[in-house]
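Secondary and tertiary structure notes
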Amino acid sequence: MLTEDRPSEDRASEHRPTEDGKTEGETVPAASRGRVVMLVDNDVVHDSRVQKAAASAAAAGWEVHLLGCVLGRRGRSWTLGGARVRLLPLRHTLRRNRHGVVRATLRRPLAYAHPSVANYRRRLVQSRRADLAASRIEPGTGPVREAWLLTRRVSARLQARWVEVRAHRTESLTAARNDPRSPLERSAIRFWQALLGDRAWRVLDRNLWDWDSAYRRVIDELEPDIIHANDFRMLGVGARAARRAHARGLRTKLVWDVHEFLPGMKPWGGVQPRWLPAMCAYEREYAGAADAVLTVSDVLADRLVERHGLRHRPTIVLNAPLTGGDADRTEPVPDLRELCGAGPDAQIAVYSGRASAQRGLDVMIEALPRLPGLHVALVVSSVRSEYLRGLRARAVELDVADRVHMLPYVPYDQVVPFLAAADIGVIPIHHWPNHEIALITKFFEYSHARLPIVVSDVQAMGGMVKATGQGEVFHAEDVDDYVRAVEAVRADPHRYRAVYDDRPELLHEWSWEAQAEVLDGVYSGLLPAARTAPSVTPAPPPTGGDLIGAQEDG
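For the structure given in this document, a descriptive report is provided here.

Thresholds applied
Residues numbered from 1 in each chain as written. Predicted model: local features only at pLDDT ≥ 70, side-chain atom pairs only at ≥ 80, totals over all residues. Heavy atoms only, no water. Pairing = 2+ DSSP bridges. Helix = DSSP H or I, 4+ residues; strand = E, 2+ residues; numbered from the N terminus. Salt bridge = Lys/Arg side-chain N within 4 Å of Asp/Glu carboxyl O. Buried < 20%, exposed > 50% of the residue type's maximum accessible area, 1.4 Å probe, protein only. Core = buried A, V, L, I, M, F, W, Y, C linked by side-chain atoms within 4.5 Å. Contact = heavy atoms within 4.5 Å. Expected span 1.5 Å × (residues − 1). Polar contact = N/O pair within 3.5 Å; in protein donor to acceptor, adjacent residues only side chain to side chain. 1 Å grid on protein atoms, 1.4 Å probe; cavity = no way out; pocket = protein on both sides within 12 Å on 5 of 7 lines; lining within 4 Å. Points joined across faces, edges and corners; volume = space filled by probe spheres on them. Nonpolar A, V, L, I, M, F, W, Y, C, P; charged D, E, K, R; others polar. Axes fitted to C-alpha atoms, helices over the stretch in contact; angles between N-to-C directions. Parallel < 35°, antiparallel > 145°, perpendicular 65-115°, else oblique. Left-handed = near helix turned anticlockwise from the far one by under 90°.

**Things to note about the pairing of strand β5 (residues 76-80)**
Across five bridges, β5 lies against strand β6 (residues 83-90) in antiparallel orientation. Bridge pairing links W78 to V85 in β6. Taking the residues that link successive antiparallel strands as the turn, the β5-β6 hairpin has two residues, and the phi of G81 there is positive, at about 60°.

So, in structure tokens, the structure goes:
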């Protein structure tokens, strides 16, 4: 079990990570300003924001424990600069399978109790009919045998029809329960909302308790001075942990770091009618518990104040890249052009980040036949996803596959120099509430790489590009307008790159070094005794096998 005393000046030993997530002999800083426990609902390695926040806070003198999660029974741990990262085993014991037991008594009386039962019955009917067909061609005839075979045929036909009716009703019920427009499903959601208010998530999505179960013990043992909860799932986990700490006489403070506007999100894991109402209720219940709120843009800050009636406007901490530490980097930066097999004179349009339909990457492929000589580099978390396989197939159909290159992520401290080898940075995302309100990570990464940016006409990024002149804006999902924007940049790239030289203050503000000072100010404001701080210099991220940083937008 992980147990620690409060940090002291004479306590230090070697940190040894273990596979089960426990830690032996952790190194404790000589003079910590306070203990910060950061919570995130992912595996950390694909979340550059929390990696940078943890490393920079540790460099500023805070004792930082970053807790993420991993499915299975065994966690793992490692160091990130001066911070300790620990992945906790997460088991989805309370996750409700919307394709599971469908209890059809009222809605579809003839439906099977489970879709797998319908599949089993269908397969059983097929096997019996196959057996009957084989019996009919066996040698030997006679009235008795013919009568027996006739009885079997009639029975098999009736059984097949009955199974098909019930299987069809089962499919209909499953579709109805997954349809957010279903009157009965909406009525059930409204009933629980009316009865329980913001506590309705306890019925609509009990899986949220699994997160609390995974994190609770470790948070309580660490006795944090500050709990930094990233996004909505960790808000409730952090709020309940803070309440338990207060009951034990501790003065733990809660920081809520809001990455996205929850009502504008698409449900994770496919169509789940109850997911968004449950998550919104969960967020509303605990939003007022935060002692300080951080978020990624002014627009989102305004929406959070309006939605939750926050006492203070959230502090803006941008998803900016880490720009320093070049001298400390020991790993060579991969050559993007070499990976693409493109010569020095070839032009490359790069996209870096998550790959999904709403990210609009198809427009980059569809436009290639009209953009001769241009290569497309997609720097993504997984080059084997179904969506990317579809893009690759489309490139083959258009005879441009030789100019489409799918590359894996690089460590987060290498992102900017890696992207700098390209000629254009592309952000072709579709109009979606969360796409409108923030300058996302790749926007800042492209800017520090000094790339002209071609972005769809989403509100925040489209408006910024028009204001600065650092690129071109096109109508989202419009191939013709995308071609126009790319051709404009290709015709005079120096005009767009000059913006970065003419306005150096932009790149300073859009750096994690500047944002780390803001974050440190929030922590110091919550713990006045910790304000006498060393200078805030984010530590260079470590290199090594365990840490594989990446550029996610959240």
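Resuming the write-up.
**A look at the pattern of salt bridges**
Going through the model one piece at a time under the given rule, you end up with 27 salt bridges. With a closest N to O distance of 2.7 Å, R122 and E164 form a salt bridge. Here the residue R122 occupies a position in helix α2 (residues 115-136), and E164 occupies one in helix α3 (residues 143-177), the gap between them amounting to 42 residues. Among the residues examined, R122 registers a relative accessible area of 21% and is labelled partly exposed. A relative accessible area of 40% places E164 in the partly exposed class.

**Remarks on the nonpolar core**
Of all hydrophobic cores here, the largest spans 69 residues; its most connected members are V350, M364, L378, I427, F443, M461 and Y482. In terms of residue count, the dominant contributor to this core is strand β12 (residues 374-380) (six residues). When sequence neighbours within four positions are dropped, the list of residues in contact with Y482 reads V363, M364, A367, L371, V426, V454 and F474. Of all hydrophobic cores here, the second largest spans 48 residues; its members include V218, L222, A229 and A281.

**A word on the pairing of strand β14 (residues 424-427)**
Of the two faces of β14, both are covered, the one formed by I424 and V426 as well as the one formed by G425 and I427. Relative to β14, strand β11 (residues 347-352) runs parallel, the two sharing two bridges. The partner of A349 across the bridge, within β14, is I424. Bridging between β14 and strand β15 (residues 453-456) involves three bridges; their strand directions are parallel. Within β15, the residue paired with V426 across the bridge is V454.

**Some thoughts on helix α17 (residues 479-491)**
For α17, spanning 13 residues, the distance from its first C-alpha to its last is 18 Å, which sits close to the expected 18 Å at 1.5 Å a residue. Among the residues of α17, D481, Y482, V483, A485, V486, V489 and R490 are the ones counted as buried. For α17, the capping residue at the N-terminal end is D478, with a side-chain oxygen 3.1 Å from the backbone nitrogen of D480.

**Thoughts on the layout of surface pockets**
Within this model, the second largest pocket holds a volume of roughly 250 Å³. Lining the second largest pocket are 17 residues; nearest its centre among them are S297, D298, L318, L439 and M464. Residue assignment for the lining of the second largest pocket shows that the elements contributing at least two residues are α9 (298-308), α16 (459-468) and α19 (504-509). Tallying contributions element by element places α16 first for the lining of the second largest pocket, with four residues. Its residues placed into classes, the lining of the second largest pocket shows 11 nonpolar, three polar and three charged.

**Remarks on the packing of helix α6 (residues 208-222) against helix α7 (residues 231-247)**
Following both chains from N to C, one finds α6 and α7 inclined at 45°, their axes separated by 9 Å at the closest point. As judged from the angle between their axes, α6 and α7 are oblique. Considering the relative orientation of α6 and α7, their crossing is right-handed. Across the interface between the two elements, L208, W209, W211, D212, Y215, R216, I219 and D220 of α6 pack against R233, M234, V237, R240, A241 and R244 of α7.

**Some points on α16**
Buried residues of α16: A460, M461, G462, V465 and T468, and no others. Just downstream of α16, G469 is the residue with a positive phi angle, here 80°.

**Quick look at unusual backbone geometry**
Residue E223 is not a glycine yet carries a positive backbone phi of 45°. Tracing the backbone through its elements, the reader meets E223 in the loop between α6 and β7 (226-230). One non-glycine residue, E477, lies in positive phi territory at about 70°. Residue position: E477 is located in the loop between β16 (471-474) and α17.

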